[in-house]
Amino acid sequence: MESYKLFDKNTQAIIYGFQTRPVQRMLDFDFVCKRKKPSVAAIIRPTQTAAIGYHKVFWSNKEIVIPIYKTLSLATKKHPKADVMINFSSFRSSYPTSKEALESDTIRTVVIIAEGIPERLSRDLIRIARERGKFIIGPATVGGIVAGNFKIGNTAGTLENIILSKLYRPGSVGFVSKSGGMSNEMNFMISQCTNGIYEGIAIGGDRYPGSRLIDHLLRYEANPEIKILVVLGEIGGVDEYAIVEAMKNGSIKKPLVIWVTGTAAKILPQGLQFGHAGAMAGSEKETADAKNQALREAGAIVPDSYEDLDKKIKETFEKLKKERKIVPIDEFEPPKVPMDFSEAQRLGLVRKPTNVIVTISDDRGDVPTFAGVGLDKIIRENKSIGYVIGLLWFKRELPEFAQQFIEIVIKLTADHGPAVSGAHNAIITARAGKDLMSSLASGILTIGPRFGGAISNAAKYFREALQKGMKPLEFMGYMKDVVKINIPGIGHRIKSVQNPDVRVQLLKEFVFKNFEKHPHLDYALEVEKLTTSKRNNLILNVDGCIGITFLDLLENLDFTKEEIEDVIFSEALNGLFVLGRSIGMMGHVFDQKRQRAGLYRQPWDEILFTD
Amino acid sequence: MDMAQKNIYEYDAKKLVASQLPNYFPEFNYHGKLAVITPEKLANFDRFIAENPWLKTDKLVAKPDQLFGKRGKANLILLDANLEQLKKFAEEKLDQELKIGNVKGVLNRLLIEPYTPHETEYYISITSDRYNDLIHFSFEGGIFVEENWDKVIHIPVPFGTNIESFDFETKLPNLGKFNDVLIPFIKGLFQVYCAQDFAFLEINPFAITEDKKIVPLDLKARLDDTAAFLHIDTWGNPNNPIEFPIGIGQKMAKEEALIKDLDEKTGASLKFQILNRDGRIWTMVAGGGASVVYTDTIVDLGYGDELGNYGEYSGNPSREHTEIYAQNIIDLISTSPDPQGREKYLIIGGGIANFTDVKATFTGIVSAIRKSADKLKNANVKIFVRRGGPNEKQGLELMKQVGKETGVPIEVYDRYTHMTRVVSIALNEN
């Protein structure tokens with residue numbers, strides 16, 4: 001690449017900062033320009049842990065990856081041909097990161113996007129660049145573009161604008177400005193009154209830009225493909241006088257159309273913030289009028305106002321065309337970049353099936369909702385846990401008695417001492433040094449047909465008996481002869497008719513008092529009368545009572561038969577036990593952890609060793 | 001965008017220099033006696049004396065500290081005074097209305113220091129350019145420095161130079177018996193300037209006492225405020241930042257304060273300044289660069305004295321903020337019709353946006369126009385729109401629609417019309 005060029009069709013950049021949108025925009029530009037290789041070689045993301053990661057981007061409609069490095073040194077080592085760094089770091093870290101790039105051996109041009117870099121730090125970067133023969137564009141700039149070749153970051157806006165401004169192929173105009181905000185406007189305006197932009201650079205509005213208007217103009221002057229120079233200068237500073245000087249000493253010979261903005265400053269109150277940081281006339285010489293006049297005298301084409309800038313550019317172009325100095329451009333239809341799915345969706349152009357249907361909650365709005373009820377309402381109205389379970393498990397606002405019933409069950413099942421399998425397993429796991437989740441899971445995993453299973457089994461068989469219209473005695477025979485198990489929910493190790501289980505009594509009391517109907521409980525009590533006549537400890541136990549009264553609860557709610565079937569099928573009853581018992585199991589885990597209890601090993605004397 | 005270089009009060013500048021200079025020039029033995037009296041402090045004069053007991057013992061100097069010069073010529077300096085004279089002077093001058101240039105303002109800060117009798121007044125200032133920091137020194141300081149500017153010695157120090165080994169001796173004239181304090185003082189001051197990110201520092205004059213003490217008399221300074229984050233231990237502490245005062249007489253109108261408040265609340269940029277409440281031409285322009293160009297064009301075409309405001313909005317402000325911004329301008333332009341019954345013009349302009357959503361921002365403006373349609377018609381306001389950028393077609397269509405719906409005359413132009421041409425179209429009509 002010739003030294004007067006900073007970017008061409010093969011230029012690759014390293015992007016400092018994980019800026020996904022400008023990267024995609026650069027690649028889309030590359031594609032419409034028919035570049036062979038993407039203009040982004042790598043991304044630097046100093047906050048990542050891995051040395052190398054990958055970022056997916058689209059190249060037309062295909063996905064490709066761009067490596068993401070933790071450090072610039074690794075990126076430059078892996079991509080020695082990438083000679084541009086586009087620095088998106090903040091004003092705080094732009095200095096050290098730009099300095100590192102300027103001091104590297106492979107980066108030739110550093111573009112600094114951030115605004116608000118201390119002037120002294122910018123000047124130090126200028127010093128380093130000068131000493132090492134490097135180029136800086138910025139700070140405080142959007143960057144620039146070589147039409148049809150290379151685009152810096154967000155320059156030139158949307159693809160639509162790029163196409164309208166014909167930036168996908170080079171024209172004959174070299175443009176440079178301070179303002180990045182005006183660069184889109186100027187690119188388009190130039191495309192309307194000439195054959196378009198060859199290169200357009202915005203140097204940024206700071207007092208000490210890394211490269212000045214003149215630095216780019218001298219490059220444009222040396223570039224035979226550029227026929228016209230267009231500049232938008234600005235009030236403040238003396239950089240435009242370098243152009244005057246260059247025109248006078250012959251280092252700029254190409255036609256140069258320039259307008260220095262800020263002519264209004266003369267009628268504005270002094271000290272008014274007018275445009276950029278550098279845009280403040282410290283002396284008569286720095287005013288827009290003085291600069292425009294000096295440029296005019298040096299032979300530049302200067303309109304009387306921005307109003308006529310387009311006409312002056314057009315005239316200049318037409319004159320060169322007449323002189324046959326403009327080579328006709330091989331026009332082509334730029335390839336179309338597929339629309340992003342999200343954009344197409346926003347415009348209603350595409351649709352896509354979803355993969356999951358969710359009916360119980362929605363967290364997309366301002367406030368998450370449970371079955372349509374806002375979490376804010378639940379908290380403000382001090383709704384119970386039973387209410388929340390009703391929403392999330394049954395998609396209903398349960399009546400007060402049902403909420404209470406659920407909470408009673410949770411309380412009743414919360415713990416049953418350390419010796420039962422669930423708690424025991426949780427304790428052993430906790431003492432093996434495992435975390436809460438593992439310890440709890442190991443406890444929960446013991447819940448099944450034998451531990452905690454009596455609840456759902458009782459519900460299952462008593463329900464079946466009632467549905468089939470079995471007499472209690474018939475049911476007992478069926479369980480004994482056909483199913484061949486003891487009736488689940490009947491029998492207690494210690495408690496008996498004479499020594500009743502208080503938990504069962506409380507639950508029965510609640511049901512009799514609050515449930516309009518309780519056919520399952522009534523039936524179970526008929527069965528209990530028969531079983532206790534055999535042996536006095538064959539009472540309806542707490543597991544059985546929970547399972548059976550839960551069936552009665554469903555009968556008292558606004559559920560159809562089919563819905564009740566769904567509730568039972570979906571294991572809501574097991575859910576209640578798991579939920580309740582998790583409280584106790586976590587308690588046991590915390591208890592062991594608090595004590596820093598050591599590894600548990602079952603003593604040998606509890607084991608019979610035999611062959 | 002904010003300007004990077006900001007003026008600071010002389011009081012703050014002296015405090016900053018005094019606290020930092022001994023790091024590089026330990027012989028700098030500053031008296032540290034500095035006080036600012038305001039109308040509030042004058043009302044509690046006894047407390048003011050108690051806080052600054054040296055006022056009772058020292059001979060005093062007092063002068064305004066509000067970022068303007070030529071204070072001596074305006075008879076605003078008190079020299080060699082005692083406490084009683086100081087009080088009288090303060091009573092006389094504070095709250096007094098002044099005219100500085102063509103700006104009127106109220107005097108409300110006097111800087112008080114001990115009076116230093118001296119014969120020679122020296123001049124020193126430090127400035128910067130792209131490649132150098134520059135020291136400017138003269139024996140003929142004080143009020144005569146400007147007319148003796150050719151006697152000022154300018155010493156450029158290339159950026160990155162190690163000042164300790166920089167040869168000042170051959171560049172500065174011999175100061176005789178003061179040579180051994182002057183060189184270390186200049187070196188020290190230069191280091192303070194660099195280390196604290198000053199953008200300008202001028203001591204005019206400073207005096208050297210018989211016992212070789214250097215006393216800065218009048219001092220002016222600007223700091224590079226973008227460097228604040230590097231100086232949280234001195235002037236840039238966000239909890240106790242140095243004040244960047246606006247010039248005397250620069251008051252903010254309530255409409256300007258409203259926009260400033262909005263600007264501070266968002267990542268977008270919203271700037272607004274009233275130039276002439278009776279102006280017939282008002283602008284609502286997107287983008288800092290474009291806003292300058294529109295303002296220029298109005299002035300270039302000879303309508304500067306009819307321009308109502310300067311301002312810009314950019315950085316993709318929300319629909320709501322754009323509406324408030326637009327409403328503010330609409331309220332001002334439609335306060336009353338032109339006394340001569342002429343049309344008023346609201347230029348809603350802008351270049352081609354990079355990513356600011358034209359439709360979204362215009363939705364806010366359209367809403368303000370719709371709400372104010374009667375006002376706009378009563379004040380005979382005609383609106384001219386020119387804009388490009390993302391969703392430009394839909395945005396411009398909204399403008400056309402609101403014109404049709406409300407009957408407010410609105411002319412709408414797109415990217416194919418030269419950016420400022422709406423200005424000449426509007427102004428050539430009358």
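Look above for the structure.
Predicted, not measured: the structure shown is a model, and the values here were computed from it. (Residues numbered from 1 in each chain as written. Chains lettered and ligands numbered in written order. Predicted model: local features only at pLDDT ≥ 70, side-chain atom pairs only at ≥ 80, totals over all residues. Heavy atoms only, no water.)

## Here's the deal with the sheet that holds strand β6 (residues 109–112) of chain A
Residue and element names in this part refer to chain A.
- Pairing is mixed across the open sheet formed by seven strands, whose spatial order is β3-β4-β2-β1-β5-β6-β7. A strand with exactly one partner marks an edge of an open sheet, and here the two such strands are β3 (52–59) and β7 (135–137). Neighbour-to-neighbour, the strand axes of the sheet open up by a mean angle of 25°, direction not taken into account. (Pairing = 2+ DSSP bridges. Helix = DSSP H or I, 4+ residues; strand = E, 2+ residues; numbered from the N terminus. Axes fitted to C-alpha atoms, helices over the stretch in contact; angles between N-to-C directions.)

## Notes on the sheet that holds strand β15 (residues 369–370) of chain A
Residue and element names in this part refer to chain A.
- As summarised here, the arrangement of the three strands in space is β14-β15-β16, forming an open sheet in which the pairing is antiparallel. Edge positions in the open sheet fall to β14 (361–362) and β16 (373–374), since each of these has one partner strand only.
- Pairing between β15 and β16: two bridges, direction antiparallel. Within β16, the position partnered with Phe 370 by the bridge is Val 373.

## Observations regarding the layout of surface pockets
- In this structure, the second largest pocket spans a volume of roughly 1,400 Å³.
- Lining the second largest pocket are 42 residues; nearest its centre among them are Thr 158, Leu 159, Met 339, Asp 340 and Glu 343 of chain A.
- If you list the elements that add at least two residues to the lining of the second largest pocket, you get α1 (20–32), β3, α5 (159–164) and α11 (341–346) of chain A together with α12 (392–406) of chain B.
- Per-element tally for the lining of the second largest pocket: the top contributor is α1 of chain A, with seven residues.
- For the lining of the second largest pocket, the per-class residue count stands at 16 nonpolar, twelve polar and 14 charged. (1 Å grid on protein atoms, 1.4 Å probe; cavity = no way out; pocket = protein on both sides within 12 Å on 5 of 7 lines; lining within 4 Å. Points joined across faces, edges and corners; volume = space filled by probe spheres on them. Nonpolar A, V, L, I, M, F, W, Y, C, P; charged D, E, K, R; others polar.)

## Here's the deal with the interface of chain A and chain B
- Facing 64 residues of chain A, the contacting portion of chain B comprises 54 residues.
- Between chain A and chain B the total buried area reaches about 5,000 Å² when both faces are included, carbon and sulfur atoms providing 56% of it.
- Sorting the residues of chain A by area buried against chain B places Arg 120, Arg 123 and Glu 307 of chain A first, and these three jointly supply 14% of that buried surface.
- The interface formed by chain A and chain B contains five salt bridges.
- Here Arg 120 of chain A makes a salt bridge to Asp 133 of chain B, at a shortest N to O gap of 3.1 Å.
- Between the two partners, chain A and chain B, sit 29 residue pairs in polar contact (both at pLDDT 80 or more).
- For the side of chain A that touches chain B, the secondary-structure elements that each account for two or more residues are α4 (119–132), α5, α6 (183–193), β13 (256–261) and α10 (309–322) of chain A.
- By residue number, the principal contributor to the side of chain A that touches chain B is α4 of chain A, which donates eight residues.
- Residue composition of the side of chain A that touches chain B, grouped by class: 23 nonpolar, 21 polar and 20 charged. (Contact = heavy atoms within 4.5 Å. Buried area = accessible area lost by both parts, 1.4 Å probe. Salt bridge = Lys/Arg side-chain N within 4 Å of Asp/Glu carboxyl O. Polar contact = N/O pair within 3.5 Å; in protein donor to acceptor, adjacent residues only side chain to side chain.)

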